[in-house]
Amino acid sequence: MTTLAIVGAGPGLGAAVARRFGRAGHDVALISRSQQHLDALAAGLTRDGVTAAGFAADVHDPDALAAALEAAGRALGPIEVLQYSPVPHKDFMRPVLETGPADLAGPIAFSVYGPVAAVGQVLPGMRRLGRGTVLFVNGGTAAVPHPERAGTSIAFAAESAYGHLLHETLADDGIHVGQLIVPGAIVPGHPRKDPAVLADLLWTIHRDRHGFRHFADDLDAA
């Protein structure tokens, strides 16, 4: 089997997705900023029977992110599935009239430069495999901009456009690109936004390969 790489891996959605894809036989590369947290997460997944390893990188550093994905591919095997789902910083969510050029640098690096670097690193390997999936996970402002959350509204719109362009461009190469919109918070125990429920939905998007944009819940549930 091949590898799932989760950019923005954590103990909630990231761990749930790792377990879901791990049950299907995929090894899992976990990527976030803290190697200590990644090692603890990988150890828990290993106890659950999932082959997992952590590779530290900050998504604001495209070169470091690409290097982490390269290392993951060498250590675990070819990356067939890439999930880009880091959690935005709270300071990205300023009102639009209080948002200047400098305030957009972080969100754009987070939601545009990071995904472009990640996809650029894994795409050659997916083409060699003849198949692949890229999954973007975004909040509700990716679909409906919010005047009090200007940074994510603007940056998620750009990330969505990039993902949709990839969806159209890579389909003939056997590579599916999909986006999951999760309005509001991920809530353990919620019938539609529990991490395990979302993980099953992401597995279905990967398996069925239909359409670009999918919604975990109604937008007014944010």
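This text goes with the structure placed above it.
Residues numbered from 1 in each chain as written. Predicted model: local features only at pLDDT ≥ 70, side-chain atom pairs only at ≥ 80, totals over all residues. Heavy atoms only, no water.

**Observations regarding the pairing of strand β4 (residues 79–84)**
For step 1, the next point in the chain: A large share of β4 lies buried, amounting to six of its six residues.
For step 2, the next point in the chain: Bridge analysis of strand β1 (residues 3–7) against β4 gives five bridges, and the strand direction is parallel. Among the inter-strand pairings, T3 is bridged to a residue of β4, identified as I79.
For step 3, the next point in the chain: Of the strand pairs in this sheet, β4 and strand β5 (residues 132–139) are connected by four bridges, and their pairing is parallel. Bridging from a neighbouring strand, L82 pairs with V134 of β5.
For step 4, the next point in the chain: Traced from β4 through helix α4 (residues 101–129) to β5, the parallel crossover comes out right-handed. (Buried < 20%, exposed > 50% of the residue type's maximum accessible area, 1.4 Å probe, protein only. Helix = DSSP H or I, 4+ residues; strand = E, 2+ residues; numbered from the N terminus. Pairing = 2+ DSSP bridges. Right-handed = clockwise from strand over helix to strand, strands pointing away.)

**Considerations on the nonpolar core**
For step 1, the next point in the chain: The biggest cluster of nonpolar side chains holds 29 residues, and the ones touching the most others in it are I31, L65, L69 and L82.
For step 2, the next point in the chain: Secondary structure elements with two or more residues in this core: β1, β2 (27–31), α3 (62–76), β4, α4, β5, α5 (150–170) and β6 (175–182). (Core = buried A, V, L, I, M, F, W, Y, C linked by side-chain atoms within 4.5 Å.)

**What to know about the environment of Q179**
For step 1, the next point in the chain: Within the fold, Q179 resides in strand β6.
For step 2, the next point in the chain: Filtering out sequence-adjacent residues up to four positions away, Q179 remains in contact with F136, N138, A142, S160, F212, R213 and H214.
For step 3, the next point in the chain: Here the side chain of Q179 touches S160 through a polar contact of 2.8 Å, side chain to side chain. (Contact = heavy atoms within 4.5 Å. Polar contact = N/O pair within 3.5 Å; in protein donor to acceptor, adjacent residues only side chain to side chain.)

**Points about the side chain of S111**
For step 1, the next point in the chain: When you line up the elements, S111 lands in helix α4.
For step 2, the next point in the chain: When sequence neighbours within four positions are dropped, the list of residues in contact with S111 reads A155, F156 and E159.

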